[in-house]
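# Architecture at a glance
Here is what each chain is made of, one letter per residue.
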Amino acid sequence: MAKQFDVVVIGAGPGGYIAAIRAAQLGMSVACVDAWTNAKGKAAPGGTCTNVGCIPSKALLQSSEHYEQAEHHFAEHGIEVKGLSLKLDTLLGRKDTVVDQNNQGILYLFKKNKVSFFHGTARFNAKVDAGWSVKVDGPDAEELIAKHVVVATGSSARALPDLPFDEEQILSNDGALRLPKVPKRLGVIGAGVVGLELGSVWRRLGAEVTILEGASEFLPAADRDVSKEALKAFTKQGLTIQLGAKVTEVKTSAKHVKVKYTDSNNDEQKLEVDRLIVAIGRVPNTDGLGAESIGLKLDDRGFVQVDDDCRTNLPNIWAVGDVVRGPMLAHKAEEEGVAVAERMAGQQPHVNFDTIPWVLYTSPEIAWVGKNEQQLKKEGKDYRVGSFPFMANGRARALGNTTGFVKILADTKTDEVLGVHIIGPTASELIAEAVVVMEFRGASEDIARICHAHPTLSEAMKEAALAVDKRALNF
Ligand code: NAI
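Residues numbered from 1 in each chain as written. Predicted model: local features only at pLDDT ≥ 70, side-chain atom pairs only at ≥ 80, totals over all residues. Heavy atoms only, no water.

An unreviewed UniProt entry lists the chain under the name Dihydrolipoyl dehydrogenase, with Candidatus Paenalcaligenes intestinipullorum as the source organism.

In structure tokens, the structure reads:
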């Protein structure tokens, strides 16, 4: 006998599990299905973000940052470390514990909110009188019937043609989080978020890292001042970044990976490394979903086609997160998940795609929201710029972390904040203030008039806002 629910959510990543919880809060009976299984054979809800993305990479970034501090920066504080050594298995074990805590946290939240969790792979089966039939294969094999179905199946790393991931030598974001040994030479293809974050982790732990980026520009989505500052900082730290590199051949042997590529002058170059991370973007997970069996429309790149409200072409089937258009960011997926649950309950929520923050958890961190200067120029918009360097911020000097700046772009006529771009310490946290101001359509003067605690890094935000009106006080 099939089990009946108001809602079945396929996928328990940030889009899916949040949609399930919100739907349950609104009084619906909810099932959430997820196939992810950890090394111990147990269900591991949380998707890419929790298992092989945001969470484990932040754990490794933290550990490797501590190691680098101890190795290179403690001495400035008068702290001498003798016999520093790295226990990689402990470091990786801590990361696995952090992941497990998050998996368990989601299972706890499901229980608390009375969401029924099914461990297995779900696929669309048929349209039935009561809604949609979904079949679950795996440990919790079952037929589920629901009025609403939310597809939140996420995405997977894109491989280079004819170079499948073996997770030993050719690594996706997954294998790159569990190398058993620090490689002497590590190659990375793609200087995007994954390449830069994971390249930074292994460089700090001692690898020589070379990143080959196909585009001629570094971080083209960032404000140009930020990408310039970032390239300077990463290069100074010892990351080798080759722009305009077109990979022509990759060959693996028992010990090495040999990469041939043409550089920005079209000259042929060779790179020999021990391991190669391929981080050239991601593809939506729709294989095996049974989309064709019910006529669910995908676009030509395999994304589930949705409107602005995450409605698919079929009644009461919704899709959120990486499997639909828009940035592949956990927090964008969460917002869509909440909005879909509220729409199912007859509410009229709104997701503002213009105020979704972007964050790179490198060191220095990079974060932005809204438009950058290149975009405003292209749109012919009149704007004023206010910038403030962390070098002039007392807290940053005390931290010993003065790289970077806050840059605010505001409308010349109305002073409305159009974009905020930060590179520097805790940019990922500081950006929240900018998001709030932009969500309320605030002006740079609003930020400038708010009292910011002293001494904090957030004063750089206030000073950048003052600088829009050419009246920064500390620079
Ligand atoms: P990405 O789209 O950020 O970067 C891919 C890079 O690879 C681009 O710079 C692109 O020009 C380059 N590229 C593409 N094909 C290439 C080729 N054949 N040879 C050389 N370079 C090539 O993708 P990435 O880093 O794989 O991340 C995937 C997704 O995961 C992103 O959409 C991102 O939003 C999300 N993510 C977000 C994080 C965050 O918010 N901090 C962290 C990690 C991932």
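### Structural notes on the UniProt feature "binding site: NAD(+)" (unreviewed entry) in the chain
The positions that UniProt labels "binding site: NAD(+)" (unreviewed entry) are, in the present scheme, Gly190, Ala191, Gly192, Val193, Val194, Gly195, Leu196, Glu197, Glu213 and Gly281. These annotated residues cover 92 residues of sequence, but their C-alpha atoms sit close together, with the largest distance between any two at 14.2 Å. With respect to the secondary-structure elements, Gly192 resides in the loop between strand S9 (185–189) and helix H5 (193–204). A residue is classified by how much of its surface remains accessible, and Gly192, at 27% relative accessible area, is partly exposed. The exposure class of Gly281 is partly exposed, given its relative accessible area of 39%. Beyond its immediate sequence surroundings of up to four residues, Gly281 is in contact with Ala157 and Arg158. (UniProt positions renumbered as here; feature names shortened; annotations may be inferred. Helix = DSSP H or I, 4+ residues; strand = E, 2+ residues; numbered from the N terminus. Buried < 20%, exposed > 50% of the residue type's maximum accessible area, 1.4 Å probe, protein only. Contact = heavy atoms within 4.5 Å.)

### Brief notes about H5
Look at H5: 17 Å from first C-alpha to last across twelve residues, which is about the 16 Å you get at 1.5 Å a residue. The buried fraction of H5 is high, at ten of twelve residues. For H5, the set of buried residues is Gly195, Leu196, Glu197, Leu198, Gly199, Ser200, Val201, Trp202, Arg203 and Arg204. Backbone geometry just downstream of H5 places Gly206 in the positive-phi region, at approximately 120°. (Expected span 1.5 Å × (residues − 1).)

### Some details on the packing of helix H3 (residues 54–73) against helix H4 (residues 88–112)
Put simply, H3 and H4 touch, their axes get as near as 9 Å, and they point 145° apart. By crossing handedness, the relation of H3 to H4 is classed as right-handed. In this structure, H3 contributes Ile55, Pro56, Ala59, Leu60 and Ser63 to the contact, and H4 contributes Leu91, Leu92, Arg94, Lys95, Val98, Val99 and Asn102. Class assignment for the residues of the contact of H3 with H4 results in eight nonpolar, two polar and two charged. (Axes fitted to C-alpha atoms, helices over the stretch in contact; angles between N-to-C directions. Left-handed = near helix turned anticlockwise from the far one by under 90°. Nonpolar A, V, L, I, M, F, W, Y, C, P; charged D, E, K, R; others polar.)

### Here we look at the sheet that holds strand S14 (residues 268–273)
Spatial ordering of the open sheet is given by S12-S13-S14, a layout of three strands whose pairing is antiparallel. Looking at the sheet topology across the chains shown, the edges are occupied by strand S12 (246–252) and S14. The average undirected angle you get between the axes of adjacent strands in this sheet is 20°. Both strand S13 (residues 257–262) and S14 contribute to a ladder of six bridges, which runs antiparallel. Bridge pairing links Val257 to Val273 in S14. (Pairing = 2+ DSSP bridges.)

### Some thoughts on the site of the ligand
Close to the ligand lie 20 residues; Val194, Glu213, Gly214, Gly281 and Val359 are nearest. A distance of 2.9 Å is found between an oxygen atom of the ligand and a backbone nitrogen or oxygen belonging to Gly281. For the ligand, whose unbound accessible area comes to 850 Å², protein coverage reaches 73%. Looking at the shell around the ligand, the elements with two or more residues in it are H5 and strand S18 (358–360). Top element by residues in the shell around the ligand is H5. It accounts for three residues. Among the residues forming the shell around the ligand, the class breakdown is twelve nonpolar, four polar and four charged. (Near = heavy atom within 4 Å. Polar contact = N/O pair within 3.5 Å; in protein donor to acceptor, adjacent residues only side chain to side chain. Areas by Shrake-Rupley, 256 points an atom, 1.4 Å probe, with all protein chains shown as cover.)

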